[in-house]
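Observations on the model geometry
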Amino acid sequence: MNVLTELSSARLVPVVVLDDAADADPLAAALVAGGLPVAEVTFRTAAAEDSIRAMSARGDMLVGAGTVLTAAQVDLAVAAGASYIVSPGLSRAVVERCQEHGVLALPGAVTATEVQAALELGLTTVKFFPAGTSGGAPAIAALAAPFVGVTFVPTGGIGPKNLHEYLAISAVAAVGGSWMVPRATVASGNFAEITRLTAEAVALLSA
């Protein structure tokens, strides 16, 4: 099963911010216990690289790097074990470095021009970010019409109340969200709460 297939199978990707790499392994265990063995670890903190290394070393979950802005960060993330790379925008340098490494690139694209640019780089799946302020589910449905075969992973402003608006669109491969992994809850070490929130989120997928 390839990475995109795994993401599509999960349908929901927890977007994680880790301030301490020591929290990475117990967080991963909490996500797996909650039924969601996947995570996008944002490269916004100094702990990101070591966190990705710890989570990917477990061997029981799919780990990607988010908020990747440069080719150098791609190198660091892949070396740490990231199986896919997510960017807030479309960077040719980032996409091409991902292709050199043979890892999935999910660059941000919210306009027809950006989606077309992604297609020219050989991509068929893009991150739709920030989803909530870029037209939401209706915007994705509108873009999907002319770009047949392109799939989207919307992230930003998505929660339990509007999750199904996005999942109802056939062109949506998966949805990124952070409500099941609150940064403060992770930092406080309350991983039982993370497991509970994750299980609730998974239950929503079949509701």
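The following refers to the structure shown. (Residues numbered from 1 in each chain as written. Predicted model: local features only at pLDDT ≥ 70, side-chain atom pairs only at ≥ 80, totals over all residues. Heavy atoms only, no water.)

Observations regarding the overall build of the protein chain
So the rule is basically this: Secondary structure follows DSSP: runs of H or I at least 4 residues long count as helices, runs of E at least 2 residues long count as strands, and numbering of each begins at the N terminus. Put simply, the radius of gyration uses C-alpha atoms, and a globule should come to 2.2 Å times the residue count raised to 0.38. Only protein chains enter the calculation, and the probe is 1.4 Å; a residue is then buried if its accessible area is under 20% of its type maximum, exposed if over 50%, and partly exposed in between. By the convention used here, residues are in contact when the closest approach between their heavy atoms is within 4.5 Å. Surface exposure here means Shrake-Rupley accessible area, sampled with a 1.4 Å probe, where a residue is shielded only by the protein chains that are shown. Positive: Lys, Arg. Negative: Asp, Glu. His and the chain ends are not part of the count. Charge positions are represented by NZ for Lys, CZ for Arg, CG for Asp and CD for Glu.
What the protein chain contains, in helices and strands, is 10 helices and 8 strands. Expected size for 207 residues packed as a compact globule is a radius of gyration near 17 Å; at 16 Å, the protein chain falls within 12% of this value. Each principal axis of the C-alpha atoms in the protein chain carries an extent, and together these give about 45 × 40 × 30 Å. When each of the 207 residues of the protein chain is scored for burial, the buried share is 50%. In the protein chain, once contacts between residues fewer than 6 apart in sequence are set aside, the share between residues at least 24 apart is 57%. Accessible surface for the protein chain amounts to roughly 8,400 Å². Of this, 56% is attributable to carbon and sulfur atoms. In the protein chain, 10 side chains carry a positive charge and 17 a negative one; their mean positions are 4 Å apart.

Points about the pattern of salt bridges
Applicable threshold: Here, a salt bridge means any Lys or Arg side-chain nitrogen found within 4 Å of an Asp or Glu carboxyl oxygen.
Inspection of the entire model under this criterion finds 10 salt bridges. Ionic pairing is found between arginine 53 and glutamate 49, a salt bridge with its closest N-O pair at 3.7 Å. Pair noted here: arginine 53 and glutamate 49 are both in helix α3 (residues 48-57), with a separation of 4 residues, about one helical turn. Residue class for arginine 53 comes out partly exposed when judged on its relative accessible area of 34%. One salt bridge in this structure joins glutamate 200 and arginine 196, with 2.5 Å as the shortest N-O distance. Separated by 4 residues within a single helix, glutamate 200 and arginine 196 lie in helix α10 (residues 191-205), roughly one turn from each other. Given a relative accessible area of 44%, glutamate 200 falls into the partly exposed group.

Considerations on the sheet that holds strand β1 (residues 12-16)
The following threshold applies: When DSSP finds two or more bridges between a pair of strands, those strands are recorded as paired. Convention adopted: a line fitted to C-alpha atoms gives each axis, helices being fitted over their contacting stretch, and angles between N-to-C directions are expressed from 0 to 180 degrees.
One open sheet accounts for 6 strands, arranged β5-β4-β3-β2-β1-β8; its pairing is parallel. Taken across any chain shown, the strands that pair with only one partner, and hence form the sheet edges, are β5 (104-106) and β8 (175-177). Geometrically, the sheet is characterised by an average inter-axis angle of 25 degrees between neighbouring strands, direction not taken into account. Pairing between β1 and β8: 3 bridges, direction parallel.

Considering the side chain of asparagine 162
Selection criterion: For this analysis, a polar contact is any N or O atom pair within 3.5 Å, provided that within protein one partner can donate a hydrogen and the other can accept it, and provided that sequence-adjacent residues contribute only side-chain to side-chain pairs.
Mapped onto the elements, asparagine 162 comes out in the loop between β7 (151-154) and α8 (163-167). Of note is the side chain of asparagine 162, whose polar atom sits 3.1 Å from the backbone oxygen of glycine 157.

Digging into the side chain of threonine 125
Here threonine 125 is to be found in strand β6 (residues 125-128). Apart from residues no more than four positions distant in its own chain, threonine 125 is found in contact with Leu4, Ala105, Leu106, Pro107, Thr151 and Val153.

Examining unusual backbone geometry
For the bond running from phenylalanine 129 to proline 130, omega is -5 degrees, close enough to zero to count as cis. Structurally, the position occupied by proline 130 is in the loop between β6 and α7 (136-144). In this structure, arginine 11 is a non-glycine residue whose phi angle is positive, near 70 degrees. Tracing the chain through its elements places arginine 11 in the loop between α1 (3-10) and β1. Residue arginine 11 is classed as partly exposed on the basis of its relative accessible area of 25%. A positive phi angle is found at threonine 67, which is not glycine, with a value near 55 degrees. Mapped onto the fold, threonine 67 is located in the loop between β3 (62-66) and α4 (71-80).

Nothing here speaks to function; it is all geometry.
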